[in-house]
Amino acid sequence: MSTPQNTPMLHVKGLRKIYQRGLWNKEETFRLEADFQIDKPQVVGVMGPNGSGKTTLFELITGSNQPTDGEVMCAGQNIHNVKYRERDRLAIHYHQSYQVRHFRKTKPSFMMERPVSDYPMVHLFDEPQFNTQDGYIGFMLDFFKRLRAEGRLVFLCVHPNEKFHVKIMREACESYIFVQKGQLSFADDYDNLLENPDVQNYLGALAAY
Amino acid sequence: MAFFEATHLQKRFGDQVVLEDITLSFEADQLSGIMGPNGAGKSTCFNVLTGHYRPDGGSVVFDGKDITGLEPRKIAGLGIARSFQIMTLFDEFSAIDNIMIALRGTVTRAFNPLYDLPGDSTTMDKAADVLAKVGLKGRELEMAVNLPYGERRALEIGVALASEPRLLFLDEPTQGLGVDGTARLADLIGELKQSYSIVIIEHDMKFLFKLADKISVIHWGQVITEGSPDELRANEWVQESQLGEAASC
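Residues numbered from 1 in each chain as written. Chains lettered and ligands numbered in written order. Predicted model: local features only at pLDDT ≥ 70, side-chain atom pairs only at ≥ 80, totals over all residues. Heavy atoms only, no water.

Enquirer: Tell me about the overall build of chain A, residues and numbers included.
Expert: Broken down by element type, chain A carries five helices and 10 strands. For 209 residues, the compact-globule formula gives about 17 Å, and the C-alpha radius of gyration of chain A, at 17 Å, lands near that figure. Taking the principal axes of its C-alpha atoms as reference, chain A extends roughly 50 × 50 × 35 Å. The burial tally for chain A puts 53% of its 209 residues in the buried class. Within chain A, contacts between residues separated by at least 24 positions form 68% of all contacts whose residues are at least 6 apart in sequence. When the accessible surface of chain A is split by element, carbon and sulfur atoms take 46% of a total near 10,100 Å². (Helix = DSSP H or I, 4+ residues; strand = E, 2+ residues; numbered from the N terminus. Rg over C-alpha atoms; globule rule 2.2 N^0.38 Å. Buried < 20%, exposed > 50% of the residue type's maximum accessible area, 1.4 Å probe, protein only. Contact = heavy atoms within 4.5 Å. Areas by Shrake-Rupley, 256 points an atom, 1.4 Å probe, with all protein chains shown as cover.)

Enquirer: Can you explain the overall build of chain B? Please cite residues and give values.
Expert: Summing up its helical and strand segments, chain B has 11 helices and 10 strands in all. Going through the 249 residues of chain B one by one, you find that 51% of them count as buried. Accessible area for chain B stands at about 11,300 Å²; split by element, carbon and sulfur atoms hold 50% of it.

Enquirer: Any chance you could break down the domain arrangement of chain B for me, citing the residues and the numbers?
Expert: Residue and element names in this part refer to chain B. According to the domain assignment, chain B contains domain 1 (1-79 + 165-249) and domain 2 (88-164). Taken together, the contact between domain 1 and domain 2 spans 17 residues of the former and 12 residues of the latter. Between domain 1 and domain 2, roughly 1,100 Å² of surface is buried when both sides are summed, and carbon and sulfur atoms account for 69% of that area. It is P165, L188 and Y196 in domain 1 that bury the most area against domain 2; as a group they hold 39% of the surface buried on that side. The tally of links from domain 1 across to domain 2 stands at three residue pairs in polar contact (both at pLDDT 80 or more). For the side of domain 1 that touches domain 2, the secondary-structure elements that each account for two or more residues are α2 (72-77), β7 (167-171) and α7 (179-192). In terms of residue count, the dominant contributor to the side of domain 1 that touches domain 2 is α7 (three residues). Split into classes, the residues belonging to the side of domain 1 that touches domain 2 amount to 10 nonpolar, five polar and two charged. (Domains from an automatic or database assignment. Buried area = accessible area lost by both parts, 1.4 Å probe. Polar contact = N/O pair within 3.5 Å; in protein donor to acceptor, adjacent residues only side chain to side chain. Nonpolar A, V, L, I, M, F, W, Y, C, P; charged D, E, K, R; others polar.)

Enquirer: I'd like a rundown of the pairing of strand β10 (residues 183-187) of chain A, residues and numbers included.
Expert: Alignment of strand β9 (residues 175-180) of chain A against β10(A), held across five bridges, turns out to be antiparallel. Bridge assignment links A:Q180 to a residue of β10(A), and that residue is A:Q183. (Pairing = 2+ DSSP bridges.)

Enquirer: Which residues make up the interface of chain A and chain B, and what values do they have?
Expert: At the interface, 34 residues of chain A touch 29 residues of chain B. Roughly 2,700 Å² of surface becomes buried between chain A and chain B when both sides are summed, with 53% attributable to carbon and sulfur atoms. Across the chain A-chain B interface, the total number found is four salt bridges. With its nearest N and O atoms 2.9 Å apart, the salt bridge here joins A:D88 to B:R12. Secondary structure elements with two or more residues in the side of chain A that touches chain B: β6 (91-94), α2 (136-149) and α3 (163-172) of chain A. Ranked by the residues each element gives to the side of chain A that touches chain B, the list is headed by α2(A), at 10 residues. (Salt bridge = Lys/Arg side-chain N within 4 Å of Asp/Glu carboxyl O.)

Enquirer: Summarise the packing of α2(A) against α3(A); cite the residues concerned and give the values.
Expert: Residues and elements named next belong to chain A. Where α2 meets α3, the axes come as close as 11 Å, and the angle between the chain directions of the two elements is 25°. It follows that α2 is roughly parallel to α3 by the angle criterion. Note that α2 runs across α3; the crossing there is right-handed. When α2 is examined against α3, the residues I137, L141 and K145 are found in contact with a partner set consisting of F164, I168, E171 and A172. The residue inventory of the contact of α2 with α3, partitioned by class, reads five nonpolar, no polar and two charged. (Axes fitted to C-alpha atoms, helices over the stretch in contact; angles between N-to-C directions. Parallel < 35°, antiparallel > 145°, perpendicular 65-115°, else oblique. Left-handed = near helix turned anticlockwise from the far one by under 90°.)

Enquirer: Lay out the packing of aromatic side chains with the relevant residues and their values.
Expert: In this structure the tally under the stated criterion is 21 aromatic pairs over all chains. Between the aromatic rings of A:Y19 and A:F30, the centroid separation amounts to 6.4 Å while the plane-to-plane angle is 40°, which identifies the pairing as tilted. With A:Y19 in strand β1 (residues 10-21) and A:F30 in strand β2 (residues 27-38), this pair connects stretches of sequence that are 11 residues apart. The partly exposed category is assigned to A:Y19, whose relative accessible area is 31%. Grouping aromatic residues by their ring pairs yields a cluster made of B:F3, B:F4, B:F26, B:F46, B:F62 and B:F169. Lying over the aromatic face of A:Y84, A:K105 brings its terminal NZ or CZ to 5.5 Å of the ring centre. Taking NZ or CZ as reference, A:K167 lies 4.4 Å from the ring centre of B:W237, over its face. (Phe/Tyr/Trp six-rings, centres within 6.5 Å; stacked < 30°, edge-to-face > 60°. Lys NZ or Arg CZ within 6 Å of the ring centre and 35° of its normal.)

Enquirer: Residues and numbers for the pairing of β7(B), please.
Expert: Residue and element names in this part refer to chain B. Extensive coverage of β7 is indicated by the burial of five of its five residues. Burial along β7 is two-sided: the residues L167, F169 and D171 and L168 and L170 are all buried. With four bridges joining them, β7 and strand β8 (residues 198-201) adopt parallel strand pairing. Paired with F169 across the bridge in β8 is V199. Assessed by its sense of winding, the connection that carries the chain from β7 through α7 to β8 is right-handed. (Right-handed = clockwise from strand over helix to strand, strands pointing away.)

What follows is the structure, encoded as structure tokens:
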């Protein structure tokens, strides 16, 4: 199956996820907001402090978490309308090392759509474990490049705390998303990313590499 | 078409996706390696390729015949032998008995009351040949349980060879072997490679880099890269790792 020309690979439309606590006096504890569009295959680096909403964003894009508002269109298809077990044919979330796919079910599967793709269009790597001793990093970076060359969209989330993490990001990523307190900011390249004082603050001494 | 081809294999256990999409092929008369970090799905992949698990999607073709979902014994009957990560020997039997049990047709003949198995010199000779192949000449009458670990591993490979396989699968053969044992096993497999088509699943990269003609790297339940040891070694990150150092000496 193919997708119509000019359909963005990923369109995150007015997406909001609000977490609240309390039954009567509801108090907002976390709010993630995102609104962006990516038209072409690329490798997008995602960075941000712990608890800033990176994993929540990935869960919303892959349809394992239900948004409060807005929608996620993958290859023109609203991922939250796709059958649960087949959502990973559109967008797939790779956790650190294990692959558990769990979806919050809101309606029966038979009422939902089949995915337009049979191999994931969007691949989201959530803090993959990198070990410089065994050389697998090189194979993983090759894989990201191959996915991109095959016309896929790749998100690579890394929380840099070593020099080689920055090296990986600079080698693999063409553009960047920085997530802080549930807000996203975008950069076309690494230098552009570093112009953001919040990013400099976050990277600290690593920004120099 | 390759000698052995797996296409778009998928395997899930409930919510857990172990094989996302595996496409692999192995050529005859070659040693093919599959490697990957812990939890990459290597053993599940092995079990799907050899018929011990039925895949949720995809196909496996051996020498032009679709063997997807076939029972393990039927797959074995077509000439695919496998070893297991845990030892599967008859401990109270001698080395040669372990091989004789695995020889084709031995068991059926043994049920025939008119047939004298220990007196059958052809079967004995065949079994002795197999033992010699795996470096266990002179150890024929030793009970399996009394053999040192490295020789047990060799005997296990002998059991797999007894069925005269056309393709031999070995699951983490270096498991539990020390440096010496691994080096001796590498010599043995280097020998066997001359006369058998072999597939080895292994996390020990150095071992595979030394022996394999082609290596497929598995991670996240997918083949993330493939190539000859030289091609994989050329990667800058591999060069900088311990493996690069080891591979260059």
